[in-house]
Amino acid sequence: MGDAVRLWSTMPVGSAFALLIVVVEEHAGTPFGEGQFARNAFQALVILVVNSALMYAGRLGALALVPGMFFGFASYFATYFSGFGYDAGSPWAAWICVVAMNALGPDFAYLSVRLTFPVSSAKDAVARSGEGPDAAVAGPDPV
């Protein structure tokens with residue numbers, strides 16, 4: 001359960017770093033000029049700085065699960081740029097939705113495995129193993 005707790009605690013942090021990239025780019029996207037190349041250069045610089053900060057944050061004990069932060073980071077961009085959430089195009093609504101989805105994801109993964117596979121009784125397991133009082137009955141099939 002410890003890994004799940006680490007995963008749940010790092011995914012929102014990764015999503016927050018992605019939110020920071022989107023908010024900075026939206027509100028200060030033209031300091032290098034109005035042209036497409038200038039906007040792209042500024043966005044590349046913002047991504048470089050924020051991603052570097054994300055990687056350094058992964059050196060902190062509580063945030064040491066970098067794949068969890070990366071998953072939160074990537075799922076935020078997928079949510080935001082796909083227009084999912086209750087307010088498409090809103091960076092804050094996308095963050096709220098992705099944090100909720102990432103919090104519920106491991107729960108649903110656990111439940112899907114737990115509820116999909118049948119549970120066999122101990123008697124069935126012993127009979128299949130060929131040991132115990134039913135071993136003669138569970139022997140090889142006559143040909």
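Residues numbered from 1 in each chain as written. Predicted model: local features only at pLDDT ≥ 70, side-chain atom pairs only at ≥ 80, totals over all residues. Heavy atoms only, no water.

1. Remarks on the overall build of the protein chain
For step 1, the next point in the chain: A tally of regular secondary structure across the protein chain gives 5 helices and 0 strands.
For step 2, the next point in the chain: The helix and strand sequence of the protein chain, counted from the amino end, reads α-α-α-α-α.
For step 3, the next point in the chain: Residues classed as buried in the protein chain amount to 25% of the 143 residues present.
For step 4, the next point in the chain: Taking as baseline every contact in the protein chain between residues at least 6 positions apart, the subset at least 24 positions apart corresponds to 59%.
For step 5, the next point in the chain: Accessible surface, the protein chain as shown: approximately 9,500 Å² in total, 69% of it carbon and sulfur. (Helix = DSSP H or I, 4+ residues; strand = E, 2+ residues; numbered from the N terminus. Buried < 20%, exposed > 50% of the residue type's maximum accessible area, 1.4 Å probe, protein only. Contact = heavy atoms within 4.5 Å. Areas by Shrake-Rupley, 256 points an atom, 1.4 Å probe, with all protein chains shown as cover.)

2. Section: the packing of aromatic side chains
For step 1, the next point in the chain: The tally for this structure, following the rule as stated, stands at 5 aromatic pairs.
For step 2, the next point in the chain: Centre to centre, the rings of Tyr-76 and Phe-77 are 5.9 Å apart; their planes meet at 70°, and the pair counts as edge-to-face. Each member of the pair, Tyr-76 as well as Phe-77, is classed as buried.
For step 3, the next point in the chain: Seen from their ring centres, Tyr-76 and Tyr-80 are 6.0 Å apart, and the 5° between their planes marks the pair as stacked. Within this pair, Tyr-76 and its partner Tyr-80 are both found in helix H3 (residues 66-82), separated by 4 residues, close to a single helical turn. (Phe/Tyr/Trp six-rings, centres within 6.5 Å; stacked < 30°, edge-to-face > 60°.)

3. Considerations on the pattern of salt bridges
For step 1, the next point in the chain: Scanning all chains against the criterion turns up 1 salt bridge.
For step 2, the next point in the chain: Between Arg-39 and Glu-25 there is a salt bridge, and its shortest N-O distance comes to 3.4 Å. Of this pair, Arg-39 sits in helix H2 (residues 36-57) while Glu-25 sits in helix H1 (residues 2-27), and the two are 14 residues apart along the sequence.
For step 3, the next point in the chain: Overall, Arg-39 belongs to the partly exposed group, its relative accessible area being 28%. (Salt bridge = Lys/Arg side-chain N within 4 Å of Asp/Glu carboxyl O.)

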